Amino acid sequence: MPNRKISRERRRGEVVIRVATVCLVVVAASPSPPSLAGQEPSTVTGSVRDLAGRPLPGVDAFLLETLEGAPTDSAGVFRFTSTARGSATLVVQHTGYLEVRRILALPLTGPVSIAMQPAPVTLEAITVESGTYRLGNLPDVALDELEVVYTPGAAADPFRAIQTFPGLQSVGEGAGLFVRGGDLSETRVLLDGATVLSPFRLDTDRTISFGRFDPFQLRGIQFSAGGFGAEYGDALSAIADLESVDKPAESELGVTAAIGGLSAGLHLDLSESAGLRLTATRTDTGLLMRMTGRRDEFDAVPRSSDLSGGGQWMYRDGGSLKAFGLFQTDQVGVRIDDPGHSGIYRSDGRADLFSLAGLEDFGGPSLSWGLATSGSRKDEDFGAFRLEREDRLTQARARVDVPLGRGASLAAGTEVEHRTADLTGSIPTRSHDNAPGASTTVFSGDESGTRLGSFGEIELQPSNALRLLAGLRADRSTFTGRVTVDPRLSSSWRAAEHLTLTAAWGIFHQVPDPLLFEPTLGDPALPAMSARHLIGGATWEDGARLIRIEAYRKGYGSLAARNRDGIARAGGTGAATGVDLFVKEEFALLGLDGRMAYSFIRSERTDPDSGELAPSPFDVTHTFNVVLNRGFGGWLETGVAYRAATGVPFTPVHSAAFDPERDLWQPIYGTPMSERLPTYTRLDLSATVLRSLWADNLTVFFVSIMNSLDRSNVRGYRYSADYSERIPLKTPFPRTIYFGVTTNLPF
Amino acid sequence: MSFLQRLAAASAVLATTLITATPPTLTAQDLDSAAIAERLRTGLHKAQITGDGEAMGQMITLARRAVTAFPDHALVSHYLGYALYRLAGPTMETDMDGALAMLAEAQSFLERSIEIEPIAESHALLSSALGMQMVSEADAMTLGMQSGIEMGRARALGPRNPRVRLLEGISAFHTPEMWGGGHKAALGHLQAAIELFADDEPETPLPAWGHAEAHAWLGQTHAALGKTDEARAAYDRALEVAPGYAWVRDVLIPGLGR
């Protein structure tokens, strides 16, 4: 028995020892920190293969805690010694593969086996949107700011550079943006989110208008020819969203002297977080008109004065304020020979814009807001016609962006705009009878109203290959007294590495011009005009080449327009169908950068004079633009631009009846929009020489030959007194050489 | 309680104590990031002076590992950007695409370093890395402008920094005269850099590279201006500052006679 007892004790003891041993083993095997001191080095070894089991040479395997490591050999094996003990992180890195991290207990009891997974082809987040192009210093631009400047014939006007994109119809030679069959007023121009009431100067005639902004005032432009998001309201056709420049990177004085004007700009880099810009420009086309032999046509040649300034203050990381101000005046007096009256048409205009915009980024959600006021005044006078018009738009807006995670984000915003329009004047009762003393309608209107708009939009990017945008906006204007609701959808799908397919659909509303509500000549019961867009497209972009093709269908409703006697006509309808093609390519062999845009359109809308559906006045069936630039040695840039377009439609006068009472002929019009102007073509050349005359100086000498083939494009017709003879009105841009120099002086 | 029972109990207590007393697992932060940065500084200097491409490759590997361990350490990112910039230069002669990829990567690490803590050398190197990426005339306008802005920031942060002047000198050497560069302009920058190096004593592990290199570029500039004696003197001075400077000893001095 004692032996049994001893035996039991021994067994219990053996069990206890075993338990204790297990405990010690557990302790020894439990994770402990790597330790460098006083330890014999141990070998860390293993193999790295891809998912197919093939060995991967040249992979770096190392311990995160000590940075000890080694590359794999041709058999995919790594081996290095480490003094670390306990738990350590093995990091395995190789270009083109996802990093692998593995927790190891050191010293290793055997080799480690690692399988590496190829990294997905890194695709930038999708940014291609239906109908949208970006210009300037923005991500994914189609034209950078210098390409805007170098566009021959654009006279460094960003709007004229936009005209070289597809979807814009060539209507006259002004800077107006006539988009996909829409009128000029259907394109809303924004600066830092604020509506620019009068974006064109000298816009008394479509043929000579210019944009109010120069490319160096702008960081970039996002231009959408249709299908734009719910953020944008009160626009039927297009959006030109301009962003003013950020704070200057250096303090400098810039001066530009050209045959048409003089400009001086001051940039002040006040600190890392603040800076100011101030620019003054005086434009006078007197010398230019003398050179082209057209001085006699003007009583006062087109001239303008501009003063603009802006600043940015980044008061914290993610918080900034941006201010922009602009004041411009312009005058012109030009001789016009109409059958009813020959005399001087005079226009005296001025415009202003003041905008303050803020951004608060809270490291996820962000708030952007803006306050702005934009005004214009124009006095016009020609024979019996006299018009004094003053407009002002005061606006406030706010937008909140909230990332929802996993590629989803939400945006919502609201805007309120107060619009006033004062109109005083007299217009001939019968448009053909405009001589002084003719019967006129005298009016004095004062229209004002407020529009309140709100939107919500959700963006889903479940992968870098798919982007969906769904939005809804609602607007109420006191002009129409009604609420409009606009649902909008767009999608982009990267079907292949370089190929993106896009589609967009939406409903769009726009309040008619306030003066169309004026009771004497207008209709106070006008509803908001509407449009419905449907767009489908494909974009191929591989770095060297960008090809985009888009087809669209646009339907119009409740259009309001004035007829030739100035009377508002409501209830117009219309449609536009077309295809746009854009190709941009760098030709490595010839060192050329080129872009080509072609637009085809069929558009019609209610003719306000006859009430019939007719080709729209902007129905330019074919528009073709090609721009080629070639640089030489970084100091010389040359460019050539060619534009060809179908002539715009017009309503001809087919006969006339004599009015003995007024002793003049009264025109009798033919079928609405049944004839077209001749085909329009123009070739522009430009050359720019860049030099540095002193340290940090950039001096640019530029010369441009506009309409270098001296083509006499017809911009319209005037008639003889009895309407028996039709006389073409020729282009205001015969062959014209424009040259100048711009330089900067850093301080 | 028998001996064995006591042993077992003691073992259990010991085990429990050991387990509960185990400190949290150490992380990369237990490494001395400043010491790593210093190791990179000295290692890169040595690799550059000796012209040891393999050593330079090892330093880049170490810098990559260090950036993985210390993604928020400005100098570690700076040295990886610097190392890639260094390697891109000679790579350009044989593999332009590879060199441009290195420069783009250098740019990203220098930008990261500036984002964490800007120093004059990071801006100046970024300026040079941008300048070296200009391969077409279109690049010249956009990258040239950015490069100029970065050099302006470098000057503002380090008006008396010799490495900024050295990189300005190298940039001027490669820039046509009509763009404000040229050999005479380079000469002015390099001589100014050498004067500034006389009082240059950056604290470790801040960048300290460039002294011998300034003399080497001064020699090249003299040589380009046809001043062989001045060039030779500058090369000799480079070898005094950094004995065994392989580029000067094996390439520039032998090239003088040709």
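The model shown is predicted, which means the values in this text are computed figures rather than measured ones.

Bringing the overall build of chain A into the picture now. Counting its secondary structure elements, chain A contains four helices and 43 strands. Expressed as a percentage of its 747 residues, the buried residues of chain A come to 41%. Put simply, 61% of the contacts in chain A that link residues at least 6 apart link residues at least 24 apart.

So, about the overall build of chain B. The number of helices and strands found in chain B is twelve helices and zero strands. Along chain B, from the amino end to the carboxyl end, the secondary structure elements read α-α-α-α-α-α-α-α-α-α-α-α. Across the 258 residues of chain B, 43% fall into the buried class. Put simply, of all contacts in chain B between residues at least 6 apart along the chain, 59% involve residues at least 24 apart.

Moving on, we come to the sheet that holds strand S6 (residues 100-106) of chain A. All names here are of chain A. Strands sit in the order S3-S2-S5-S6 across an open sheet of four strands; the sheet is antiparallel. Of all strands in the sheet, those bounded by a partner on one side alone are strand S3 (69-71) and S6. Direction aside, neighbouring strands of the sheet carry axes that sit 20° apart on average. Relative to S3, strand S2 (residues 60-63) is paired through three bridges, and the arrangement is antiparallel. Each residue of the ladder has a partner; that of Ala-61, found in S3, is Ala-70.

All names here are of chain B. Where helix H10 (residues 211-224) meets helix H11 (residues 228-241), the closest approach of the two axes is 7 Å, and the angle between their N-to-C directions is 170°. Regarding the angle of H10 to H11, the classification is roughly antiparallel. Here His-211, Ala-212, His-215, Ala-216, Leu-218, Gly-219, His-222 and Ala-223 of H10 come into contact with H11, specifically with Thr-228, Glu-230, Ala-231, Ala-234, Tyr-235, Arg-237, Ala-238 and Val-241. Residue classes in the contact of H10 with H11 are distributed as nine nonpolar, five polar and two charged.

Quick look at the nonpolar core now. Counting residues in each nonpolar core, the largest one holds 84 residues, and the members touching the most others are Ala63(B), Tyr79(B), Ala83(B) and Leu84(B). Broken down by element, this core gets its largest block of residues, ten residues, from helix H4 (residues 74-91) of chain B. Leave out the neighbours within four places in its chain, and Ala63(B) touches Leu40(B), Val76(B), Tyr79(B), Leu80(B) and Ala83(B). The next biggest cluster of nonpolar side chains, apart from the first, holds 69 residues, and it includes Ala155(A), Ile162(A), Val171(A) and Val245(A).

Residue and element names in this part refer to chain B. The topology assignment puts Thr-91 in helix H4. Placed eleven residues apart in sequence, Thr-91 and Met-102 show a C-alpha to C-alpha distance of 9.0 Å. Once residues within four sequence positions are removed from consideration, Thr-91 is found in contact with Gly-98, Ala-99 and Met-102.

What follows is about the sheet that holds strand S1 (residues 42-50) of chain A. Residues and elements named next belong to chain A. Pairing within the open sheet is mixed, and its three strands lie in the order S4-S1-S7. Only two strands of the sheet have a single partner each, and these edge strands are strand S4 (77-82) and strand S7 (112-116). The sheet shows a mean angle of 25° between the axes of neighbouring strands, taken without regard to direction. The sheet contact formed by S1 and S4 spans six bridges and is antiparallel. Bridge pairing in S4 links Val-44 to Phe-80.

What follows is about the packing of helix H6 (residues 120-132) of chain B against helix H8 (residues 162-174) of chain B. Angle between the axes and distance between the axes: these two values describe a pair of packed helices. Residue and element names in this part refer to chain B. Direction vectors running N to C along H6 and H8 enclose 10°, while the axes themselves pass 9 Å from each other. The angle between H6 and H8 places the two elements in the roughly parallel class. For the pair H6 and H8, the crossing hand works out as left-handed. Residue-level inspection shows Ala-120, Glu-121, Ala-124, Leu-125, Ser-127, Ser-128 and Gly-131 of H6 in contact with H8, the latter providing Arg-163, Val-164, Leu-167, Ile-170 and Ser-171. Looking at the contact of H6 with H8 residue by residue, the class counts come to six nonpolar, four polar and two charged.

Moving on: the pairing of strand S18 (residues 298-316) of chain A. All names here are of chain A. Taken together, the eleven bridges between strand S17 (residues 274-284) and S18 define a ladder with antiparallel strand orientation. When the bridges of S18 are listed, Thr-283 appears paired with Ser-304. Across 14 bridges, the pairing between S18 and strand S19 (residues 319-337) is antiparallel. Looking across to S19, one finds that Ser-308 is bridged to Leu-326.

A few words on unusual backbone geometry. Leave glycine aside and you will find that most residues have negative phi; peptide bonds, for their part, are mostly trans. All names here are of chain A. In the segment running from Leu-106 into Pro-107, the intervening peptide bond is cis, with an omega of 0°. Among the secondary structure elements, Pro-107 is positioned in the loop between S6 and S7. Even without a glycine there, the phi angle at Leu-67 is positive, about 65°. Tracing the backbone through its elements, the reader meets Leu-67 in the loop between S2 and S3.

Tracing the backbone through its elements, the reader meets Gly69(A) in strand S3. Sequence separation of Gly69(A) and Ser82(A) is 13 residues, and the distance between their C-alpha atoms is 8.3 Å. Those residues in contact with Gly69(A), other than ones at most four positions away along the chain, are Asp60(A), Ala61(A), Phe62(A), Leu63(A), Phe80(A) and Arg65(B).

Residues and elements named next belong to chain A. Two strands pair when backbone bridges link them, and strand S41 (residues 714-719) and strand S42 (residues 726-730) are joined in this way by five bridges, in the antiparallel orientation. Following the sheet pairing, Gly-716 is matched in S42 by Leu-729. Where S41 folds back onto S42 in an antiparallel hairpin, the turn is made up of six residues, including Tyr-723, whose phi is positive at roughly 65°.

Residue and element names in this part refer to chain B. Under the 1.5 Å per step criterion, the end-to-end length of helix H9 (residues 183-197) is 21 Å for 15 residues, consistent within 8% with the ideal 21 Å. Those residues of H9 lying buried are Ala-185, Ala-186, Leu-187, His-189, Leu-190, Ala-193, Ile-194, Leu-196 and Phe-197. Packed against the buried residues of H9 are H8 and H10.

A few words now on the confidence of the model for chain B. Residue and element names in this part refer to chain B. On average, residues of chain B score 84 in pLDDT, and 85% of them reach the 70 mark or higher. When the criterion is pLDDT under 50, residues 1-29 qualifies, and its contacts beyond four places in sequence or with other chains add up to 35 contacts. This prediction of the complex comes with two scores: 0.70 for pTM and 0.82 for ipTM.

Time to look at the confidence of the model for chain A. Residue and element names in this part refer to chain A. For chain A, mean pLDDT is 85; residues scoring 70 or higher make up 90% of the total. Helix H1 (residues 2-29) is the least confidently modelled element of chain A, averaging 36 in pLDDT, while strand S32 (residues 613-615) averages 96, the highest of any element. Long-range and interchain partners of residues 1-38, a stretch whose pLDDT sits below 50, account for 48 contacts in this model, where long-range means more than four residues apart.

What follows is about the environment of Gly153(A). Residue and element names in this part refer to chain A. You can see Gly-153 is positioned in the loop between helix H2 (145-150) and helix H3 (158-162). Sequence spacing of Gly-153 and Leu-683 is 530 residues, and the spatial spacing of their C-alpha atoms is 8.1 Å. If we ignore the near neighbours within four places in the chain, the residues touching Gly-153 are Ala-641, Arg-682, Asp-684 and Met-706.

Rules of the game
- Residues numbered from 1 in each chain as written.
- Chains lettered and ligands numbered in written order.
- Predicted model: local features only at pLDDT ≥ 70, side-chain atom pairs only at ≥ 80, totals over all residues.
- Helix = DSSP H or I, 4+ residues; strand = E, 2+ residues; numbered from the N terminus.
- Buried ≥ 20, exposed ≤ 12 C-beta atoms within 10 Å, placed from the backbone.
- Contact = placed C-beta atoms within 7 Å.
- Pairing = 2+ DSSP bridges.
- Axes fitted to C-alpha atoms, helices over the stretch in contact; angles between N-to-C directions.
- Parallel < 35°, antiparallel > 145°, perpendicular 65-115°, else oblique.
- Nonpolar A, V, L, I, M, F, W, Y, C, P; charged D, E, K, R; others polar.
- Core = buried A, V, L, I, M, F, W, Y, C linked by C-beta atoms within 7 Å.
- Left-handed = near helix turned anticlockwise from the far one by under 90°.
- Expected span 1.5 Å × (residues − 1).
- pLDDT = per-residue confidence, 0-100.

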